[in-house]
Amino acid sequence: LEITMKGDEMHNHGEIGWLATRVLIIGICLFVFQMIFALLTGSLSLLSDTVHVGGDTLALLIVILAQGVAYLTDRLNGTAKDDMYHNVELIATVVNGLVLIVAGIYLSVEAISRLNDPPIVSSLILIPGIIGITVNLLMFRMLSRKAHHMTVRSAAAHVFLDSIASAGVIIA
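## Regarding helix α3 (residues 44-73)
- Taking 1.5 Å of rise per residue, the 30 residues of α3 would be expected to cover 44 Å, and the 43 Å separating its terminal C-alpha atoms lies within 8% of that figure.
- The opening residue of α3 is serine 43, an N-cap whose side-chain oxygen sits 3.0 Å from the backbone nitrogen of leucine 46.

If you want it as structure tokens, here you go:
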């Protein structure tokens, strides 16, 4: 998949940073809300979704950092600025992927440990599950507007997968 970008699209770092900041604030609010419910209910599926939201916020922080670095490298002359920006984007995307892998391993170990003695979980988890899927789809929609940037696309993937995790909370 090759994406071509016009000069203004590629170097609109302030707009992308501001978008990621707005989505980050929404994500932090969702994380706190879901963490409270996860701790109150003892639900592993809700904890899983909450950890995923934490990964989303980390992904968004990386987008903001990458856009800040890109803004600074725009001040350089020549192709070095494009190379530096693309390197930062690549590193940010790899870090986002690693966060997903680590979270998946942790949650898998926790789920296996609960197989022998599954806890009783309150039906209250439906509330954050429904709110979670709604908020994640809103965040995904916001990020999709600038998905031609690799770091934004990576963060949007995080958020979209979190929507699926929220659906899992509702089903569980």
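What follows continues from the structure just given.
## Things to note about the environment of glycine 55
- Within the fold, glycine 55 resides in helix α3.
- In this structure glycine 55 comes out as buried when scored by relative accessible area, which is 7%.
- Separated by 45 residues in the primary sequence, glycine 55 and leucine 100 place their C-alpha atoms 6.9 Å from one another.
- Apart from residues no more than four positions distant in its own chain, glycine 55 is found in contact with Val99 and His158.

## As for helix α5 (residues 126-144)
- With 19 residues, α5 should cover 27 Å at 1.5 Å per step; its first-to-last C-alpha distance of 27 Å lies within 8% of that length.
- For α5, every residue scored as buried is listed here: Pro128, Gly129, Gly132, Val135, Asn136, Met139, Met142 and Leu143. Projected down its long axis, α5 carries its buried residues within an arc of 150°, all on one side.

## Describing the packing of aromatic side chains
- Counted according to the given criterion, the structure contains 2 aromatic pairs.
- Aromatic side chains phenylalanine 33 and phenylalanine 37 sit 5.0 Å apart centroid to centroid with 50° between the ring planes, which places their arrangement in the tilted category. Separated by 4 residues within a single helix, phenylalanine 33 and phenylalanine 37 lie in helix α2 (residues 13-41), roughly one turn from each other.
- When its relative accessible area of 26% is taken as the criterion, phenylalanine 33 is described as partly exposed.
- Take phenylalanine 37: its relative accessible area is 16%, and that puts it in the buried class.
- Taken together, a centroid distance of 5.2 Å and an interplanar angle of 50° make the contact between phenylalanine 140 and phenylalanine 160 tilted. Placement of the pair is phenylalanine 140 in helix α5 and phenylalanine 160 in helix α6 (residues 150-171), with a sequence separation of 20 residues.
- By relative accessible area, which is 28% here, phenylalanine 140 ends up partly exposed.

Rules used throughout
- Residues numbered from 1 in each chain as written.
- Predicted model: local features only at pLDDT ≥ 70, side-chain atom pairs only at ≥ 80, totals over all residues.
- Heavy atoms only, no water.
- Helix = DSSP H or I, 4+ residues; strand = E, 2+ residues; numbered from the N terminus.
- Expected span 1.5 Å × (residues − 1).
- Polar contact = N/O pair within 3.5 Å; in protein donor to acceptor, adjacent residues only side chain to side chain.
- Buried < 20%, exposed > 50% of the residue type's maximum accessible area, 1.4 Å probe, protein only.
- Contact = heavy atoms within 4.5 Å.
- Arc of directions from axis to C-beta.
- Phe/Tyr/Trp six-rings, centres within 6.5 Å; stacked < 30°, edge-to-face > 60°.

What is shown is where atoms sit, not what they do.
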